[in-house]
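# Overview (structure and organization)
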Amino acid sequence: MYDQGVSPAAEVAKADTSEGMSKDARRTLVASTLGVSLVIGTTVALNSALADIAVQTSATQSQLTWIVDSYTVVLAGAVLPAGALGDRFGRRGALILGLAIFMAASLAPVAISSPEQLIVARAIAGLGAALVMPATLSLITTAFPPEKRARAIGIWSGVGGSSSIVVLLGSGVLLEYWGWQSIFWALSAIGLVTFVVSCTISTSRDPNSTPIDVPGSILICASVALLVLGVVEAPLKGWTDPFVYSTIAAGLAGGALFGVLELRRRYPLLDVRLFRNATFTSAVIAVTALSFSTFGLFYLIVQYIQMVLGYSPLLAGLALGPQIFPIAVLGVISPLMVPRFGLRLLLGTGLALQAVGFATLMTLEMDSTYLESVWPQLIIAVGLGLTMTPATAAIMASVSDDKQGVASAVNDSTREIGAALGIAVAGSLLAARYAGAVTPKLAEFPEQVREPAASSLAAAMHIAPQIGPLGEQLEVLAKSGFMEAMNASAIGMCVILAVAAVIVALCGPGRDGRVLIRIGRKQDQARSSDTG
């Protein structure tokens with residue numbers, strides 16, 4: 001589709017027809033899939049270890065939250081400028097530099113013990129991940145010719161989409177035998193392997209060497225970071241807390257100002273006129289929604305499996321395993337469906353299935369079996385598999401080859417924003433409904449028990465063994481309140497995903513490239529037919 005900015009690796013790949021994929025392209029695919037798995041997996045790697053970290057470091061609940069979220073906030077804020085740096089100076093160099101920063105930051109927690117130091121180390125790891133993430137996808141799209149690109153992106157998406165589950169399982173195995181520091185050793189080891197493979201691949205960059213948009217980079221970095229900061233604080237502080245709504249408002253205002261600024265820049269960081277393109281915009285909405293769905297599901301189902309069904313962290317990781325198959329398989333084959341069914345039908349159907357999956361979560365009860373919890377997971381996983389690769393490929397195909405780093409960064413940034421929103425919405429609805437369901441029924445319990453028991457199921461389960469005969473009654477009450485709260489969260493997630501499915505169905509291009517509701521000019525829609 002585009003000729004400018006194609007790397008030497010792409011030319012090799014085009015010439016290599018006997019084996020279907022050149023050696024350099026194969027190494028690029030390995031390095032990229034390892035890199036994206038590392039970045040995405042690190043987001044959830046510590047979830048099972050927070051209790052151990054709290055005991056050994058004396059971290060407060062707020063500090064534990066930021067040990068996890070500092071990584072996400074920095075990654076989301078820095079990824080778009082990082083993608084531009086890769087386009088300007090070389091994508092392989094950005095990948096290698098990012099991996100070096102990530103490994104150093106991941107090794108630091110092995111030698112430090114204070115919560116504040118852990119938060120800083122995780123933030124630095126997020127900075128390294130911001131360089132890694134866009135480079136992985138942009139290297140693939142420039143290493144493979146257009147006719148082989150969708151398949152490569154499918155493998156990237158399938159592996160990346162299932163990496164969170166694999167990492168949760170791996171963390172559970174490590175915690176069975178070693179301390180929480182072993183997770184950081186493992187992340188560093190995977191980073192080292194990825195670093196070595198990355199040193200053997202070809203690079204690519206923007207041949208036009210336009211100047212970096214420094215004002216735009218600073219503004220979007222701050223805006224996205226503020227938005228994600230407010231969103232991740234919402235479950236703890238509440239959406240009406242001044243800090244929460246002021247940071248979200250500042251982030252949104254900064255994003256609007258960024259759009260105005262970019263329209264006036266000779267060399268913008270991001271050409272915001274891309275959002276007039278139906279393919280690009282519908283794909284961005286889909287990527288945000290699928291990440292919203294993925295992390296919202298993790299937030300709810302992991303707590304259900306561990307605290308209601310009583311599974312250990314290791315067994316909880318295994319319990320999520322069935323999701324891997326549909327995500328990985330459909331991630332590879334879904335690009336083949338786009339020419340037949342069109343982008344609109346695939347994305348709309350995928351998002352609708354995710355909404356249905358959250359609706360079926362409401363059928364679960366306290367005495368439900370594990371197998372009954374598998375069906376909602378599988379329905380959501382099928383929806384994710386149908387959506388993930390076509391949406392990612394559509395974003396990348398909407399931008400010329402010399403700007404693939406920025407396009408990849410848009411994809412990555414929307415993923416992180418969607419993930420933060422998924423956790424925030426699910427967490428906020430869960431916390432509010434749980435407190436409302438449990439608090440009125442705690443009057444017969446000792447006063448010192450009421451406040452912590454009303455805060456979360458985990459706190460109630462921790463207290464129950466300490467209060468004698470009332471412990472079993474508290475456990476039943478708390479689990480019942482959690483199920484009621486999980487239903488409320490599932491309804492909220494279902495409604496939001498259904499709305500996203502309708503928007504994509506109305507604005508996304510069909511098989512013939514036409515849209516039901518036009519969001520841009522005719523010439524902008526014309527490009528939709530290239531990918532729809």
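To be clear, the structure that these remarks concern was listed above.
None of these values were measured; they are calculated from a predicted model.

### Points about the overall build of the protein chain
- Secondary structure assignment for the protein chain yields 21 helices and zero strands.
- Radius of gyration (C-alpha) of the protein chain: 23 Å, near the 24 Å computed for a compact globule of 532 residues.
- Across its three principal axes, the protein chain shows a C-alpha extent of roughly 75 × 55 × 45 Å.
- Taking as baseline every contact in the protein chain between residues at least 6 positions apart, the subset at least 24 positions apart corresponds to 81%.
- Of the accessible surface of the protein chain, which amounts to about 20,800 Å², a share of 66% is contributed by carbon and sulfur atoms.
- When the 32 positive and 33 negative side-chain charges of the protein chain are each reduced to one mean point, those points stand 12 Å apart.

### Things to note about a nonpolar patch on the surface
- Judged by side-chain polarity, Phe325, Val329, Val332, Ile333 and Leu336 come together as a nonpolar surface patch covering roughly 470 Å² of accessible area.
- With a relative accessible area of 68%, Leu336 lands in the exposed category.

### Let's talk about the side chain of Ser334
- The topology assignment puts Ser334 in helix α13 (residues 324-341).
- Note on Ser334: relative accessible area 0%, which makes it buried.

### Examining the packing of helix α7 (residues 146-177) against helix α15 (residues 370-397)
- Two numbers describe how α7 lies on α15: the axes approach to 9 Å, and their chain directions differ by 130°. The orientation of α7 with respect to α15, classified from their angle, is oblique. α7 and α15 meet at a crossing whose hand is right-handed. Facing α7, whose interface residues are Ala150, Ile153, Gly154, Trp156, Ser157 and Gly161, α15 presents Met388, Thr389, Thr392 and Ala393.

### Some words on the pattern of salt bridges
- Tallying each qualifying case throughout the model produces six salt bridges.
- Here Arg265 makes a salt bridge to Asp213, at a shortest N to O gap of 3.1 Å. Of this pair, Arg265 sits in the loop between α10 (242-264) and α11 (278-308) while Asp213 is found in the loop between α8 (181-198) and α9 (214-237), placing the two residues 52 residues apart along the sequence.
- Judged by relative accessible area, which is 2%, Asp213 ranks as buried.
- Where Arg273 meets Asp271, a salt bridge forms, and the shortest distance between an N and an O atom there is 2.9 Å.
- When its relative accessible area of 45% is taken as the criterion, Arg273 is described as partly exposed.
- For Asp271, a relative accessible area of 31% puts it in the partly exposed group.

### Examining the side chain of Thr414
- Looking at where Thr414 falls in the secondary structure, it is placed in helix α16 (residues 404-438).
- Thr414 sits in the buried class, given a relative accessible area of 11%.
- Discounting chain neighbours no more than four positions away, the residues touching Thr414 are Val284, Val287 and Thr288.

### Looking at the environment of Ala437
- Relative to the helices and strands, Ala437 resides in helix α16.
- Accessibility expressed as a relative area gives 8% for Ala437, which makes it buried.
- The spatial distance from the C-alpha of Ala437 to the C-alpha of Ala454 is 8.8 Å, given a sequence separation of 17 residues.

### Focus: the nonpolar core
- Leu80, Tyr304, Phe358, Leu474 and Phe482 are the most contacted members of the largest nonpolar core, which totals 150 residues.
- Leu474 has contacts with Leu442, Phe445, Val449, Ala453, Ala460, Ile463, Ala464 and Ile467, leaving out every residue within four places of it along the chain.

### A word on the packing of aromatic side chains
- Summed over all chains, the structure comprises five aromatic pairs.
- Pairing Phe295 with Phe298 gives two aromatic rings, centres 6.0 Å apart and planes at 75°, and the pair type is edge-to-face. On the criterion of helical spacing, the pair formed by Phe295 and Phe298 is a turn pair, its members being three residues apart in helix α11.
- According to the relative accessible area criterion, Phe295 is buried, its value standing at 10%.

### Topic: α9
- The end-to-end C-alpha distance of α9 is 33 Å, a good match for the 34 Å that 24 residues give at a rise of 1.5 Å each.
- Sitting at the amino-terminal end of α9 is Asp213, which places a side-chain oxygen 3.1 Å from the backbone nitrogen of Gly216.

### Topic: the environment of Leu314
- By the element assignment, Leu314 lies in helix α12 (residues 313-319).
- For Leu314, a relative accessible area of 21% puts it in the partly exposed group.
- Residues Leu314 and Leu168, spaced 146 residues apart in sequence, show a C-alpha to C-alpha distance of 8.0 Å.

### So, α7
- Helix length check: α7, at 32 residues, gives a terminal C-alpha distance of 46 Å against a target of 46 Å (1.5 Å per residue), a fit within 8%.
- Maximal helix bending in α7 amounts to about 40°, located at Ser163.

### Some details on the packing of helix α14 (residues 343-361) against helix α19 (residues 470-507)
- Remark: α14 packs on α19, axes separated minimally by 8 Å, with the N-to-C direction vectors making an angle of 170°. Judged on the interaxial angle alone, α19 and α14 are roughly antiparallel. Crossing angle aside, the handedness with which α14 passes α19 is left-handed. For the pair formed by α14 and α19, the contact residues are Arg344, Leu347, Gly348, Leu351, Ala352, Gln354, Ala355, Phe358, Ala359 and Leu361 on the first element and Met486, Asn487, Ala490, Met493, Cys494, Leu497, Ala498, Ala500, Ala501, Val504 and Ala505 on the second.

So, how was this worked out
Residues numbered from 1 in each chain as written. Predicted model: local features only at pLDDT ≥ 70, side-chain atom pairs only at ≥ 80, totals over all residues. Heavy atoms only, no water. Helix = DSSP H or I, 4+ residues; strand = E, 2+ residues; numbered from the N terminus. Rg over C-alpha atoms; globule rule 2.2 N^0.38 Å. Contact = heavy atoms within 4.5 Å. Areas by Shrake-Rupley, 256 points an atom, 1.4 Å probe, with all protein chains shown as cover. Lys, Arg positive; Asp, Glu negative; His and termini not counted. Charge placed at Lys NZ, Arg CZ, Asp CG, Glu CD. Patch = residues over 30% accessible without salt bridge, like charges linked within 9 Å, V, L, I, M, F, W, Y side chains within 5 Å. Salt bridge = Lys/Arg side-chain N within 4 Å of Asp/Glu carboxyl O. Buried < 20%, exposed > 50% of the residue type's maximum accessible area, 1.4 Å probe, protein only. Axes fitted to C-alpha atoms, helices over the stretch in contact; angles between N-to-C directions. Parallel < 35°, antiparallel > 145°, perpendicular 65-115°, else oblique. Left-handed = near helix turned anticlockwise from the far one by under 90°. Core = buried A, V, L, I, M, F, W, Y, C linked by side-chain atoms within 4.5 Å. Phe/Tyr/Trp six-rings, centres within 6.5 Å; stacked < 30°, edge-to-face > 60°. Expected span 1.5 Å × (residues − 1). Polar contact = N/O pair within 3.5 Å; in protein donor to acceptor, adjacent residues only side chain to side chain. Bend = angle between axes of the 7 residues up to and from the residue.

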